[in-house]
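Topology and contacts: notes
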Amino acid sequence: MAQNQKQEQGNQLALVKKDVVDVVSSKVNDFISRGELHLPPNYSPDNAMKAAWLKLQSVKDKNQKPALAVCTKNSIANALLDMVVQGLNPDKIQCYFVVYGDELVLMRSYFGTAAVAKRALGLHDLVAMVVYEGDEFEYEIKQGRYVVTNHVQKAENIKPDKIKAAYCIISFPDHRADYTEIMTFDQIKKSWAKSKADQTKAGSTHKEFPDQMAK
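Residues numbered from 1 in each chain as written. Predicted model: local features only at pLDDT ≥ 70, side-chain atom pairs only at ≥ 80, totals over all residues. Heavy atoms only, no water.

**Considering the environment of Val-59**
The topology assignment puts Val-59 in the loop between α2 (45-56) and α3 (67-70). Judged by its relative accessible area of 14%, Val-59 falls in the buried class. When the C-alpha positions of Val-59 and Phe-97 are compared, they lie 7.2 Å apart, and in sequence the two are 38 residues distant. If sequence neighbours within four positions are ignored, Val-59 has contacts with Lys-65, Pro-66, Ala-67, Phe-97 and Val-99. (Helix = DSSP H or I, 4+ residues; strand = E, 2+ residues; numbered from the N terminus. Buried < 20%, exposed > 50% of the residue type's maximum accessible area, 1.4 Å probe, protein only. Contact = heavy atoms within 4.5 Å.)

If you want it as structure tokens, here you go:
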């Protein structure tokens, strides 16, 4: 019985890979050959697709059912294509896959957003940090801009349930001053509330990884 179930699961995976992953890979190669898709230097869509396929086999929905079994093939294909178009790779923790009902959705991580922003906007660097309860954190407002003047953090303060705020500092390749944005955790949670999914439910990405999602 168990052997038959394992064989059936293997057949389902092979079918999804043939109908979705291989088709998306072929489509991406066609886009590249026709000059319709320009990817970042040193980015390998084939490697990213292989990494994504391995990751997808462990992704589950809120009921602990495999994403590849419950999600539509179209949504899986769209998520993979979205990943490649943005030049992201799950092996570099730049993105991850989330199940909403029967839809698979690609979500960028902080690292992915930073990579896209650097490429698209020509930024020199983009750094996001979380402020926890117990941190020493000070900032000033100079000419209408936030400037972080002090942030001292101890390892024992890093607790996902003790987040107070988060901030991002963007630096430019020219002589422009750094740009800083600061949000309290209440402001961040209000922005999460705009999502189509309930981010307060147990098992949600925001509930399990609030520090990374705050970034």
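**Some words on the side chain of Ser-75**
Mapped onto the fold, Ser-75 is located in helix α4 (residues 73-85). You can call Ser-75 buried: its relative accessible area is 3%. A polar side-chain atom of Ser-75 sits 2.9 Å from the main-chain carbonyl oxygen of Thr-72. Discounting chain neighbours no more than four positions away, the residues touching Ser-75 are Asp-102, Glu-103 and Leu-104. (Polar contact = N/O pair within 3.5 Å; in protein donor to acceptor, adjacent residues only side chain to side chain.)

**Quick word on helix α5 (residues 110-121)**
Taking 1.5 Å per residue as the helical rise, α5 with its 12 residues ought to reach 16 Å, and the 16 Å between its terminal C-alpha atoms agrees with that figure. Where α5 is concerned, the buried positions are Tyr-110, Gly-112, Ala-114, Ala-115, Val-116 and Ala-117. On the buried face of α5, the contacting elements are β2 (103-108) and β3 (125-132). Between the side-chain oxygen of the N-cap and the backbone nitrogen of Phe-111 there are 3.2 Å, and the N-cap of α5 in question is Ser-109. In the stretch just after α5, Gly-122 is the one whose phi turns positive, near 65°. (Expected span 1.5 Å × (residues − 1).)

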